[in-house]
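Descriptive analysis of the structure
Next come the chains, spelled out residue by residue.
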Amino acid sequence: MYRIEFFSDPQKFLAVMGPIYENDESCAILPLGVALRIAEDIAAYGKHQPLLAVVRDDQDYVAASAVMTPPQRLLVYSDMPDEEALAILAEEIWEQGWQLHGVNGPAPASEAFAQFWAALERTRPMPQTRQVSYELRQVQRPKLPAGEVRLAELMDAPQVLAMLDAMQQELDLFLQPAWTLEKVQLSILKKNVFVWQSASGPAAMAMTTRPTRQSVTISSVYTLPAARNQGIASALTALLAEEILSRGYRQVNLFADKANPVSNHIYQAIGFVARCEYQEIDFAAAPDRLA
């Protein structure tokens, strides 16, 4: 027998799931990072009430969990995965009337949940990007090209925004929240944006996000087309990872599109180790439930 609990208080959800996520941090990094952020500020991802749910078995073992900040995809986690628990999770979320645009999480759990949800909604799951979740604990520093890493400054905001827009277009990330100049400036003020300074100006960028007690995630690594094939992305990522580890964090996390052999090679060469795969799945517009 399984039972499900929905949480309105992110702190209470974290009291249950925090230690479980931390025990498998590289595979639970997304739900952990999002849960930590909304525990600090429940409106961090928007005005909508987040969905926080835990499914336990009759021995009180946590068999599955879900985190969602609408309108983003539901983040599911189930370490085996437990398909019965995921089926109950889907049914109870559906019964409560939540609208899901998609699901993401470690691939076996995400794919199983998607099938259960599609059966309930009479819709079709549409697999999107498959990403590799990487973990690094020791940097293998590459040969460094000319230039240096520095924190982005407010005067860099327009160029950082242009790089983020270019990255979204190149990777077809049109469903992702659009960056604005204001959001970029805020990230710069929080010291989350780094650039590779070449002789002609910023040639690449990277961001840090989702800090936990044990890790920081590197994201949005992008090199201008004219500056590629010079080792800049490798150098920027490696030196930024060194900086994170020097602050006392145990590990650095990072996601890479499984279909991109160049980025995967770069990250593996500087010490990142694949821990699991995440599968993003979207749902077609569901017909009326009463039809």
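These numbers come from a predicted model, not from an experiment.

Conventions adopted
The residue numbering used here restarts from 1 in each chain and proceeds along that chain's sequence as written. Predicted model: local features are reported for residues with pLDDT of at least 70 only, side-chain atom pairs are reported and counted for 80 or more only, and whole-chain, interface and lining totals are derived from all residues. With hydrogens and water excluded, all non-hydrogen atoms of the structure serve as input to the side-chain values. Strands are runs of DSSP state E lasting at least two residues, helices are runs of H or I lasting at least four, and both sets are numbered from the N terminus onward. Contact definition: two residues touch when any of their heavy atoms are within 4.5 Å. Whenever a helix is involved, its axis is fitted only over the stretch in contact; in every case the axis is a line through C-alpha atoms, and angles between N-to-C directions fall within 0 to 180 degrees. By definition in this entry, angles of less than 35 degrees are roughly parallel, angles greater than 145 are roughly antiparallel, angles of 65 to 115 are roughly perpendicular, and the rest are oblique. It is the rotation of the near helix from the far one that decides the hand of a crossing: anticlockwise by less than a right angle makes it left-handed, clockwise makes it right-handed. Only strands that DSSP links by at least two bridges are regarded as paired with each other. Throughout this description, the term nonpolar core refers to a set of buried Ala, Val, Leu, Ile, Met, Phe, Trp, Tyr and Cys residues connected via side-chain atoms within 4.5 Å. Per-residue accessibility, obtained with a 1.4 Å probe over protein chains only, is compared with the maximum for each type, and a residue is labelled buried under 20%, exposed over 50%, and partly exposed between these values. We call Asp, Glu, Lys and Arg charged. Ala, Val, Leu, Ile, Met, Phe, Trp, Tyr, Cys and Pro are nonpolar, and the rest, Gly among them, are polar.

**As for the environment of Pro31**
Considering the arrangement of structural elements, one finds Pro31 in helix α2 (residues 29–40). Taking the C-alpha atoms as reference points, Pro31 and Ser200, 169 residues apart in sequence, are found 39 Å from one another. Apart from the residues lying within four places of it in its own chain, the contact partners of Pro31 are Tyr21, Val67, Leu75 and Tyr278.

**A closer look at the packing of helix α5 (residues 157–170) against helix α6 (residues 181–189)**
Relative to each other, α5 and α6 sit at 115°, their axes nearing to 9 Å. On the basis of their axis angle, the class for α5 and α6 is roughly perpendicular. Classified by chirality, the crossing of α6 by α5 is right-handed. Residue-level inspection shows Ala157, Pro158, Val160, Leu161 and Leu164 of α5 in contact with α6, the latter providing Leu181, Val184, Gln185 and Ile188.

**Concerning the sheet that holds strand β2 (residues 51–57)**
Whenever strands of a sheet pair, they do so through backbone hydrogen bonds, lying parallel or antiparallel. Read from one edge of the open sheet, 12 strands run β1-β2-β3-β4-β5-β12-β6-β11-β10-β9-β8-β7, paired in mixed fashion. Each of the sheet's edge strands pairs with one partner strand only, and the pair in question is β1 (2–6) and β7 (148–151). If you compare each strand with its neighbour and ignore which way they point, the axes differ by 25° on average. As judged from the three bridges shared by strand β3 (residues 62–68) and strand β4 (residues 74–77), these two strands associate in the antiparallel manner. Opposite Ser65, over in β4, you have Tyr77 as the bridge partner. The strands that helix α1 (residues 10–23) touches are β2, β3 and β4; relative to β3, the one it contacts most, it runs at about 125°.

**Observations concerning the nonpolar core**
Within soluble globular proteins, side chains that are nonpolar tend to cluster in buried spots. Ranked by size, the top nonpolar core spans 29 residues in total, and within it Trp196, Ile218, Val252, Leu254, Tyr267 and Phe272 carry the most contacts. In terms of residues, this core owes the most to one element, helix α7 (residues 232–246), which gives nine residues. Discounting residues that sit within four places of it in the chain, Ile218 has contacts with Ala206, Met207, Thr237, Leu240, Ala241, Ile244, Val252, Asn253 and Leu254. Formed by 25 residues, the second largest nonpolar core is a distinct cluster that contains Met68, Ala85, Ala90 and Trp117.

**Re the pairing of strand β10 (residues 215–223)**
Looking along a regular strand, one sees the side chains alternate between the two faces of the sheet. With respect to burial, β10 is a largely interior element, eight of its nine residues being buried. With five bridges joining them, strand β9 (residues 201–209) and β10 adopt antiparallel strand pairing. Its bridge partner lying in β10, Thr208 is registered against Ile218. Linkage of β9 to β10, two consecutive antiparallel strands, is achieved through a turn of five residues, within which Arg210 is found at a positive phi near 45°. Note that β10 and strand β11 (residues 251–257) share four bridges and pair parallel. Across the sheet, residue Ile218 finds its bridge partner in β11, namely Leu254.

**Observations regarding the packing of α1 against α2**
The relative placement of two packed helices is expressed as an angle between their axes plus a distance between the axes. One can describe the packing of α1 onto α2 by two numbers: an axis separation of 10 Å at closest approach and a directional angle of 150°. Our classification of the angle between α1 and α2 gives roughly antiparallel. When you trace α1 past α2, the crossing you get is left-handed. Residues Pro10, Gln11, Phe13, Leu14, Tyr21 and Glu22 of α1 touch α2, and the partners they reach there are Pro31, Leu32, Ala35, Leu36, Ile38 and Ala39. For the contact of α1 with α2, the per-class residue count stands at 10 nonpolar, one polar and one charged.

**A short note on the side chain of Ser78**
Its location among the elements puts Ser78 in the loop between β4 and α3 (83–95). Discounting chain neighbours no more than four positions away, the residues touching Ser78 are Ala63, Ala64, Leu86 and Ala109.

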